Amino acid sequence: MSQQDGGDVIQLLKTRLHALNDLALTLKHIHWNVVGPHFIAVHEMLDPQVDSVRDMTDTTAERISTLGGSPHGTPGAIVEGRHWEDYTIGRAESIEHLGALDLVYTGIIEDHRAAVRATAESDPVTQDMLIEQLRGLELYQWFVRAHLESAGGALSTSSASSEREAASQAGEQARRQP
């Protein structure tokens, strides 16, 4: 790999590191703030996701170091390096958090897929790592979406463009169901 390609991959991975650190913190935030009839199911579903995403951050940081970069995992570095807004839902019904979390996962997955494409030629080792992470991220989104989909596959939050809107749509759909 050229020095230029290595530098480009390091920068790409730094963004992925910030996103994964942010996701781990967001998952824990949701874990602490879910309420309602599905509290325990969602509360317990999230801890393994937190642990897995934390492992992804470690693997990503170590890849940055392997390529000669310096990973930064401090809160300030995460905030400075991100291009997304902070998660805005506080104490809320489990289904509302799941609606918002689905959008969080969509953003992470889309950006990870872009990183996979960006590393296809220059760094197949990093690409392989990102693909493995996508397996987990997509699995966790499936777990979340199982709470938001009808038996026919309609996603209650399909038209949402913000976390708050997704939370509202998921809550409204849940209240309409018997």
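Parameters and conventions
- Residues numbered from 1 in each chain as written.
- Predicted model: local features only at pLDDT ≥ 70, side-chain atom pairs only at ≥ 80, totals over all residues.
- Heavy atoms only, no water.
- Core = buried A, V, L, I, M, F, W, Y, C linked by side-chain atoms within 4.5 Å.
- Buried < 20%, exposed > 50% of the residue type's maximum accessible area, 1.4 Å probe, protein only.
- Contact = heavy atoms within 4.5 Å.
- Axes fitted to C-alpha atoms, helices over the stretch in contact; angles between N-to-C directions.
- Helix = DSSP H or I, 4+ residues; strand = E, 2+ residues; numbered from the N terminus.
- Parallel < 35°, antiparallel > 145°, perpendicular 65-115°, else oblique.
- Left-handed = near helix turned anticlockwise from the far one by under 90°.
- Nonpolar A, V, L, I, M, F, W, Y, C, P; charged D, E, K, R; others polar.
- Expected span 1.5 Å × (residues − 1).
- Patch = residues over 30% accessible without salt bridge, like charges linked within 9 Å, V, L, I, M, F, W, Y side chains within 5 Å.
- Areas by Shrake-Rupley, 256 points an atom, 1.4 Å probe, with all protein chains shown as cover.
- Salt bridge = Lys/Arg side-chain N within 4 Å of Asp/Glu carboxyl O.
- Lys, Arg positive; Asp, Glu negative; His and termini not counted.
- Charge placed at Lys NZ, Arg CZ, Asp CG, Glu CD.
- Polar contact = N/O pair within 3.5 Å; in protein donor to acceptor, adjacent residues only side chain to side chain.

(A) Broad picture of the nonpolar core. Ranked by internal contacts, the top residues of the largest apolar core, which has 42 residues, are Leu23, Leu27, Leu101, Tyr105 and Leu137. Residues contacting Leu23, with those up to four places away along its chain left out, are Val53, Leu101, Val104, Tyr105, Ile108 and Leu137.

(B) Seen up close, the packing of helix α4 (residues 94–118) against helix α5 (residues 124–145). Between α4 and α5, the least distance of the axes is 10 Å, while the angle of their chain directions is 160 degrees. With respect to α5, the element α4 is oriented roughly antiparallel. Here α4 runs over α5; the crossing is left-handed. Taken together, the residues of α5 that come into contact with α4 (itself represented by Leu98, Leu101, Asp102, Tyr105, Thr106, Ile108, Ile109, His112, Arg113, Ala115 and Val116) are Gln127, Leu130, Ile131, Gln133, Leu134, Leu137, Glu138, Tyr140, Gln141, Val144 and Arg145. Looking at side-chain class alone, the contact of α4 with α5 contains 13 nonpolar, five polar and four charged residues.

(C) Examining helix α2 (residues 39–66) more closely. When the terminal C-alpha atoms of α2 are compared, their 41 Å separation across 28 residues agrees well with the 40 Å that a helix rising 1.5 Å per residue should span. Of the residues trailing α2, Gly68 is marked for its positive phi of about 95 degrees.

(D) Structural view of the packing of α2 against α5. Closest axis-to-axis distance for the α2/α5 pair is 11 Å, and the angle between their directions is 165 degrees. In this view, α2 runs roughly antiparallel relative to α5, as classed from their interaxial angle. The chirality of how α2 crosses α5 is left-handed. Every residue of α5 that contacts α2 at Met45, Pro48, Gln49, Ser52, Val53, Met56, Thr59, Thr60 and Arg63 is listed here: Val125, Thr126, Met129, Gln133, Gly136, Leu137, Tyr140, Phe143 and Val144. A breakdown of the residues in the contact of α2 with α5 according to their chemical character gives ten nonpolar, seven polar and one charged.

(E) Representation of a negative patch on the surface. A surface patch of negative charge is lined by Asp51, Asp55, Asp58 and Glu62. Looking at the element boundaries, Asp55 is found in helix α2. Residue class for Asp55 comes out exposed when judged on its relative accessible area of 52%.

(F) Structural detail: the environment of Ser159. Among the secondary structure elements, Ser159 is positioned in the loop between α5 and α6 (163–176). Overall, Ser159 belongs to the exposed group, its relative accessible area being 52%. A sequence separation of 145 residues divides Ser159 from Lys14, and the C-alpha atoms of the two residues are 31 Å apart. If sequence neighbours within four positions are ignored, Ser159 has contacts with Glu165 and Gln169. A polar contact is formed between the side chain of Ser159 and the side chain of Gln169, at a distance of 3.1 Å.

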